[in-house]
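Reading the structure
Here is what each chain is made of, one letter per residue.
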Amino acid sequence: MADRVDLVGRDRELCLALRALHPSTGPGGVLIVGAPGVGKSRFGEEIVAALSPSAEPAGSPGGAYTSAEAALAAMPRQTSHVERLSPGAVLSAVQRLLRSGSRRPRTLWIDDAHVLSPESVASLRELAHQRHDRLLLAVNVDEAPAQLNSLWKDQHLARVELGPLDVLSTRRLASSLLGHRLNQPSVVRLATMSAGNPLLLRELVRAALAQNLIVQDAGPAWRLNHGVPSSTALRELVIRRLARLSEDGRQALELVALAEPAPLHVLEKVVRAETLLELEDEGLLHVPDPRGLQSERDRASVAVAHPYLGHVLRQGVAPLRRRHYLRLWTAALPEPDVQRPVDRVRLVQWHLDAGEVPEQSGLLDSAEHALRNHDAPTAGRLAAAAWDTRPSARAAELNARAMFAGAGFDELHDFVAKVWLDHPEYAARLVPVQARAFLVEGRHAEADRLARELPTGQRTALTAMTAFFRGRFSDALHHAQGVHRDSGSPYRMEAGLLAMGALCHLGRPHDALELYAHLRELTVPDQPALPVGRDSLEEMHAFALIHAGRLDEAESTMLGEYRRVTQGSGARVDAQRGLALGIALYERGRIRDALPYLSFTPAYQVGWRPWHVKARIQRALSLTCLSSSVHNRPEDPLDDLEEGCFGTELAVARAWQAHRQGDQERATAMLHAAGDAALEDGACADAVTVFHELARLGLPAHPALAQDIPLQGSYLRSRLRLARAVHSGDVKLLGQACRVLADSGAALYAAEGYAELARLQRRSGRDRAATASTAQARALLAHCGDVATPPLHFLGESVALSPRERTVARLAAQGLTDKEIASRLVVSPRTVSNTLYRVYQKVGASDRRHLRRLLSA
């Protein structure tokens, strides 16, 4: 278990605290308030670290900076001496300060300030009135002495309240405690049990490790076995919460834990009202937030107040008592046809836990419901139970789909082979699932072989998907449109989504958006756990919005979808939508914000190869754009990746890496080849991407740049015009393209364009216009963070460097010697030395270190 992990989920609070401690922006003191275990001490230590003279935010091991670190980096700082005081030492230390009259500013950090004596608090009040030294105090909520609260009310201290971590931050902390090696379902379980309390989460991880509940799964991933982590501290917590309960209350709480969320109208049939009121008075029950629930009956449901307590109670119910509760609950429930799906799933699992075999149709329907809600572990358990008790075609298919959803491909192929041996009459139902598994594993030849065994409609649907994943977008559109027009095909949604993606690559985003409006109204049976299913609709929508130049809308759409899906336990879908959100942030130029969504770990994964390939490519691209990452982060060579549907993006990422290493010829060759391939397939948007990237890197233009390319929307056309203007030196055309890109929300692309525009204007003697363009570039870069791409090097300098001089300057700033640069550029060291001398003369640099500062200024 990691001794120290990144602080997560406290960005806003950190900003507030640092502003409050800065003399020019706040009162100069902070009162940290929160419940026990929410991380007040760690939060205070993070603030102290930020105030120290050597404070410098460091990136996380994966290369992505946390949002909290970004907040710290952005805050104004004034370092001061920090003195940590225990509550018992406060009085003497403060009185010493009051007598000394020293003007040296210092910060007093006092944890557990709620136990201070009245005399100590009075001395702190006197010190605060001098407004010279700063106070940093942490107190438990509702335990702070009135005099401390009056310091806040009198505006000597700013109050910063720490609540439980939100769902995303809790998951991230759970993952980082074990070095990001724990798989996603296990992370969700731990995060749910802790309910946002960091101290409880750490204790749960320690207990799980001590009890050997965390074991290594296939590959590098770890998983949390079934069972509830327990320790002396955790047992004391449970005993303390249940100590005053009557026997009836204890049994009623166990019943709620087994059935939660328990419908109140059913619970009232089996538990006396007095017992329910007792549980409510003890704070052991709560009613879930009714917002977003579908009906009044959904709103009137009850759950155990703390998730960990519910886990302990469920684990501790003896088998016979569990069966007794099951009979009570079953008798009280309405008929199965009017039960809520969530109740049926819970009841079926309850039967299995009690050692009973549920009715087969209930098992299968519950497995289907779990699949539709992206709960692959539950779906797999129920489908496997259905298959083991009564094999059928539907049970076989559901079992295979659950394995597919959980990325258990080896398990899936073994299961299919077993079905062929033991029940060949059911095997045909598994062919479409296995074929798609081969596709997402990158085993296209085997997918083609299985496709030949399918009926015409299913074969065409699979052919469309195969063409898309291979990057043949014209063919994919042709086949997908044929399937989508078939009103009887169960693959209409899948085909429509593939058509949307193909239209975007072909430069027709407006047609893709029209198709999206149609797909939203489409009513066909869902096909959950398919590579492209209804759960990919909003991702494709964001993809089309990006190509249409509606970048802010794409970001807000995916942010909402990502937050919604992460409130549940939807393994895979949260990573898919997070990836789409990361791409939208990247296109907007917010590279640092995008990186966390592009870092697939066992705790944040899809398990399907195309999405992992896309994430690796986007991550590699992002790192090449960041100034602090350029020198400190190892590159992902991307050598093991095949082109497929991401051929253009892969070529761009490899070209950026080659260019950064000084190999401009290889970068040019890769991009020109990618442009040829895109034009051959009619993928006009991909071709525009290539042309634009050539301009961004200052490489020779593609021969087809001047050709008439059919494109929908001003955004794609402006990227094409920017490329043409940079290569031709057309100031007017470049200015028009920059304005459209800025209006579309592509801040980095627009800033780079304005930087190039300033160079062209300065070269023609229009210094005032160049100054205005430089100001435009810098205003746009304020939204982008610490980016450093080739067009931005020496932004605002009055000199003009040739492409070769820029390359030499960048390599020298990275710390390479003249000999190393000469080896990369295939020139003599003397040539490099002369070139570097000219660069120094032009930009006024004295050495490589000074040159590095000028490059990223």
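The shown structure was predicted, so the numbers you read here are calculated from the model rather than taken from an experiment. (Residues numbered from 1 in each chain as written. Predicted model: local features only at pLDDT ≥ 70, side-chain atom pairs only at ≥ 80, totals over all residues. Heavy atoms only, no water.)

**Details of the overall build of the protein**
A tally of regular secondary structure across the protein gives 45 helices and 10 strands. Whereas a compact globule of 857 residues would reach a radius of gyration of roughly 29 Å, the protein reaches 31 Å, a difference of no more than 12%. The principal-axis extent of the C-alpha atoms belonging to the protein is close to 90 × 90 × 45 Å. Within the protein, the fraction of its 857 residues that count as buried is 55%. Considering only residue pairs separated by 6 or more positions, the protein has 68% of its internal contacts joining residues 24 or more positions apart. Accessible area for the protein stands at about 36500 Å²; split by element, carbon and sulfur atoms hold 51% of it. Computed over 103 positive and 98 negative side-chain charges, the separation of the two mean positions in the protein equals 6 Å. (Helix = DSSP H or I, 4+ residues; strand = E, 2+ residues; numbered from the N terminus. Rg over C-alpha atoms; globule rule 2.2 N^0.38 Å. Buried < 20%, exposed > 50% of the residue type's maximum accessible area, 1.4 Å probe, protein only. Contact = heavy atoms within 4.5 Å. Areas by Shrake-Rupley, 256 points an atom, 1.4 Å probe, with all protein chains shown as cover. Lys, Arg positive; Asp, Glu negative; His and termini not counted. Charge placed at Lys NZ, Arg CZ, Asp CG, Glu CD.)

**Overview of the packing of helix H43 (residues 818-825) against helix H44 (residues 829-843)**
Where H43 contacts H44, the two axes come as close as 8 Å, and the packing angle between them is 110 degrees. Taken as axis vectors, H43 and H44 run roughly perpendicular relative to one another. Between H43 and H44, the residues in contact are Asp 818, Lys 819, Ile 821 and Ala 822 and Pro 829, Val 832, Ser 833 and Leu 836, respectively. Among the residues forming the contact of H43 with H44, the class breakdown is 5 nonpolar, 1 polar and 2 charged. (Axes fitted to C-alpha atoms, helices over the stretch in contact; angles between N-to-C directions. Parallel < 35°, antiparallel > 145°, perpendicular 65-115°, else oblique. Nonpolar A, V, L, I, M, F, W, Y, C, P; charged D, E, K, R; others polar.)

**Quick word on the sheet that holds strand E8 (residues 262-263)**
If you trace the 3 strands from one edge of the open sheet to the other, you get E8-E10-E9, paired in antiparallel fashion. Looking along the sheet, the strands with just one partner apiece sit at the ends: E8 and strand E9 (285-286). Direction of pairing for E8 relative to strand E10 (residues 301-304): antiparallel, over a ladder of 2 bridges. Looking at E10, one finds that Ala 262 is bridged to Val 302. (Pairing = 2+ DSSP bridges.)

**Quick look at the sheet that holds strand E1 (residues 29-34)**
Taken in spatial order, the 5 strands line up as E2-E3-E4-E1-E5 in an open sheet, and their pairing is parallel. Of all the strands in the sheet, just strand E2 (81-85) and strand E5 (158-162) have a single pairing partner and so form its edges. If you compare each strand with its neighbour and ignore which way they point, the axes differ by 20 degrees on average. Across 4 bridges, strand E3 (residues 106-110) lies against strand E4 (residues 134-140) in parallel orientation. When the bridges of E4 are listed, Ile 110 appears paired with Leu 137. Against the sheet, helix H5 (residues 118-130) engages E3 and E4, with an angle of about 140 degrees to E4.

**A word on the pattern of salt bridges**
A full pass over the atoms with the stated rule returns 48 salt bridges. Here Asp 574 and Arg 171 are joined by a salt bridge, their closest N and O atoms 3.2 Å apart. Here Arg 171 lies in helix H7 (residues 167-176) and Asp 574 lies in helix H31 (residues 573-587), a separation of 403 residues in the sequence. Note that Asp 248 and Arg 272 form a salt bridge whose closest N and O atoms lie 3.5 Å from each other. One end of the pair, Asp 248, is in helix H11 (residues 247-259); the other, Arg 272, is in the loop between helix H12 (264-270) and helix H13 (273-281), and 24 residues separate them in sequence. Shared partners join several salt bridges into a network, and the residues in it are Glu 368, Arg 372, Glu 397, Arg 401 and Arg 429. (Salt bridge = Lys/Arg side-chain N within 4 Å of Asp/Glu carboxyl O.)

**Brief notes about the environment of Ala 386**
With respect to the helices and strands, Ala 386 occurs in helix H19 (residues 376-389). Classification of Ala 386 as buried rests on a relative accessible area of 0%. In this structure, the C-alpha to C-alpha distance between Ala 386 and Arg 485, residues 99 residues apart in sequence, is 35 Å. Beyond its immediate stretch of four places on either side in the chain, Ala 386 contacts Gln 360, Leu 363, Leu 364, Pro 391 and Ala 395.

**Here's the deal with the packing of aromatic side chains**
Using the criterion set out here, one finds 11 aromatic pairs in the structure. The interplanar angle of 70 degrees and the centroid separation of 5.8 Å between the aromatic rings of Trp 608 and Trp 611 together place this pair among those described as edge-to-face. Arg 159 extends its terminal NZ or CZ atom over the ring of Trp 152, reaching a point 5.0 Å from the ring centre. (Phe/Tyr/Trp six-rings, centres within 6.5 Å; stacked < 30°, edge-to-face > 60°. Lys NZ or Arg CZ within 6 Å of the ring centre and 35° of its normal.)

**Quick look at the environment of Ala 667**
Positionally, Ala 667 belongs in helix H36 (residues 664-681). C-alpha of Ala 667 to C-alpha of Leu 127: the two residues are 540 residues apart in sequence and 63 Å apart in space. For Ala 667, the residues in contact, after removing those within four places along its chain, are Ala 655, Ala 658, His 659 and Leu 699.

**Regarding empty space enclosed by the protein**
The gaps of empty space that remain are located by a probe, the size of a water molecule, rolled over the atoms. Under the counting rule described, the total for this entry stands at 8 cavities of 30 Å³ or more. Of the voids in this model, the largest cavity is the one considered here, and its volume is about 420 Å³. Along the wall of the largest cavity there are 22 residues; nearest its centre are Met 540, Phe 543, Trp 611, Lys 614 and Phe 646. Of all the secondary structure elements, the ones that give two or more residues to the lining of the largest cavity are helix H25 (456-469), helix H27 (492-505), helix H29 (537-547), H31 and helix H33 (609-625). Tallying contributions element by element places H29 first for the lining of the largest cavity, with 5 residues. (1 Å grid on protein atoms, 1.4 Å probe; cavity = no way out; pocket = protein on both sides within 12 Å on 5 of 7 lines; lining within 4 Å. Points joined across faces, edges and corners; volume = space filled by probe spheres on them.)

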